Amino acid sequence: MSLSASTAESMPLIPAGSVLGMIPLQAAQHAHKAVKQEKAQAASGKYTPKYFNAHRCETLRALCQTIIPADAECGGAIEAGAPEFIDLLTSENEEYQARLGGGLIWLDATCQQRFAKAYLDASPDQQTEILDLISHRRNEEAESTLRTGIQFFSFLRNLTTDGFFTSEIGIKYL
């Protein structure tokens, strides 16, 4: 897809070497626009998930909120629409489906093994414990069973960051 000069000039600028590690800016903006249009057209004003089931959507939302929480100055990943952005992109990309869908299954299965409950049902301390393990690549050396979780969380963190910083909230924050 090519942009006209006027379209390119009206697009927000993301600094060179930006946070966009995964998604080209045009594709990200297209995804945000599609989510926004769907919400505007829906009677409920809500986005209907395209790939993840209800449980996995809630888990995704919780993880995105943990990755970029709202603060007094700015909304976080939830307010920026990162979970919807990720769901829409995942619905159209088999690699994302395998990595994110598989990662969410891994997360719940690992929490089930460690805590006898799924991630969302785990206590805040248990959720922190598992996220502390999968948020650092060095933990794989001590516990090789974490590799899938570490790869999943790294991928999700990158998508959440891209979803946030390409949203209206994220662009204003920049």
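One can find the structure itself at the top, above this paragraph.
Cut-offs applied
Residues numbered from 1 in each chain as written. Predicted model: local features only at pLDDT ≥ 70, side-chain atom pairs only at ≥ 80, totals over all residues. Heavy atoms only, no water. Helix = DSSP H or I, 4+ residues; strand = E, 2+ residues; numbered from the N terminus. Buried < 20%, exposed > 50% of the residue type's maximum accessible area, 1.4 Å probe, protein only. Contact = heavy atoms within 4.5 Å. Areas by Shrake-Rupley, 256 points an atom, 1.4 Å probe, with all protein chains shown as cover. Expected span 1.5 Å × (residues − 1). Axes fitted to C-alpha atoms, helices over the stretch in contact; angles between N-to-C directions. Parallel < 35°, antiparallel > 145°, perpendicular 65-115°, else oblique. Nonpolar A, V, L, I, M, F, W, Y, C, P; charged D, E, K, R; others polar. Salt bridge = Lys/Arg side-chain N within 4 Å of Asp/Glu carboxyl O. Phe/Tyr/Trp six-rings, centres within 6.5 Å; stacked < 30°, edge-to-face > 60°. Lys NZ or Arg CZ within 6 Å of the ring centre and 35° of its normal. 1 Å grid on protein atoms, 1.4 Å probe; cavity = no way out; pocket = protein on both sides within 12 Å on 5 of 7 lines; lining within 4 Å. Points joined across faces, edges and corners; volume = space filled by probe spheres on them.

Draft legend 1. Quick look at the overall build of the protein. The helix and strand tally for the protein stands at 10 helices and zero strands. Burial status across the protein gives 43% buried among its 174 residues. Restricting the contact set of the protein to residue pairs at least 6 apart, pairs at least 24 apart contribute 59%. Of the roughly 9,700 Å² that the protein leaves accessible, carbon and sulfur atoms contribute 50%.

Draft legend 2. Main features of helix 2 (residues 25–41). Helix length check: helix 2 (17 residues) gives 24 Å between terminal C-alpha atoms against 24 Å at 1.5 Å per residue, within 8%. Those residues of helix 2 that sit buried are Leu 25, Ala 28, Gln 29, Ala 31, His 32, Val 35 and Glu 38.

Draft legend 3. Here's a closer look at unusual backbone geometry. For Ala 116, which is not a glycine, the phi torsion comes out positive at approximately 65°. For Ala 116, the location among the structural elements is in the loop between helix 6 (94–115) and helix 7 (124–134).

Draft legend 4. The packing of helix 5 (residues 82–91) against helix 6, seen in detail. In contact at an axis separation of 7 Å, helix 5 and helix 6 are set at 125° when each is read in the N-to-C sense. Considering their axes alone, helix 5 and helix 6 lie oblique with respect to each other. Contact residues: helix 5 offers Ile 86, Leu 89, Thr 90 and Ser 91, while helix 6 offers Tyr 96, Gln 97 and Leu 100. Across the contact of helix 5 with helix 6, the residue classes tally to four nonpolar, three polar and no charged.

Draft legend 5. Spatial organisation of the pattern of salt bridges. Counted according to the given criterion, the structure contains seven salt bridges. As a salt-bridge pair, Lys 36 and Glu 168 come within 2.9 Å of each other at their nearest N and O atoms. Note that Lys 36 is positioned in helix 2 and Glu 168 in helix 10 (residues 168–173), a separation of 132 residues in sequence. We note that Lys 36, like Glu 168, is exposed. Residue Glu 84 pairs with Lys 39 through a salt bridge whose shortest N-O separation is 3.8 Å. Of this pair, Glu 84 sits in helix 5 while Lys 39 sits in helix 2, placing them 45 residues apart in sequence. Of the residues examined, Lys 39 reaches a relative accessible area of 31% and is grouped as partly exposed. If you follow the salt bridges from partner to partner, you end up with Lys 39, Arg 61 and Glu 84 in one network.

Draft legend 6. Quick look at the packing of aromatic side chains. What the rule picks out here adds up to five aromatic pairs. Note on Tyr 96 and Phe 155: the rings are 5.1 Å apart at their centroids and 80° apart in plane angle, and the pair reads as edge-to-face. Residue Tyr 96 is located in helix 6, and its partner Phe 155 is located in helix 9 (residues 147–165); the two are separated by 59 residues in the primary sequence. Phe 155 shares its class with Tyr 96; the two are buried. Here the aromatic residues Phe 164, Phe 165 and Tyr 173 are joined through ring pairs into a cluster of three or more. The ring of Tyr 47 is capped by Lys 50, whose NZ or CZ atom sits 4.5 Å from the centre of that ring.

Draft legend 7. Fine view of the layout of surface pockets. One number sums up the size of the largest pocket: a volume of about 410 Å³. Taken together, 18 residues line the largest pocket, and the ones lying closest to its centre are His 32, Lys 36, Ala 80, Ser 167 and Glu 168. Where the lining of the largest pocket is concerned, the elements lending two or more residues are helix 2, helix 4 (77–80) and helix 10. By residue number, the principal contributor to the lining of the largest pocket is helix 2, which donates seven residues. Broken down by class, the residue content of the lining of the largest pocket amounts to eight nonpolar, five polar and five charged.

Function-wise, these values are silent; they only describe arrangement.
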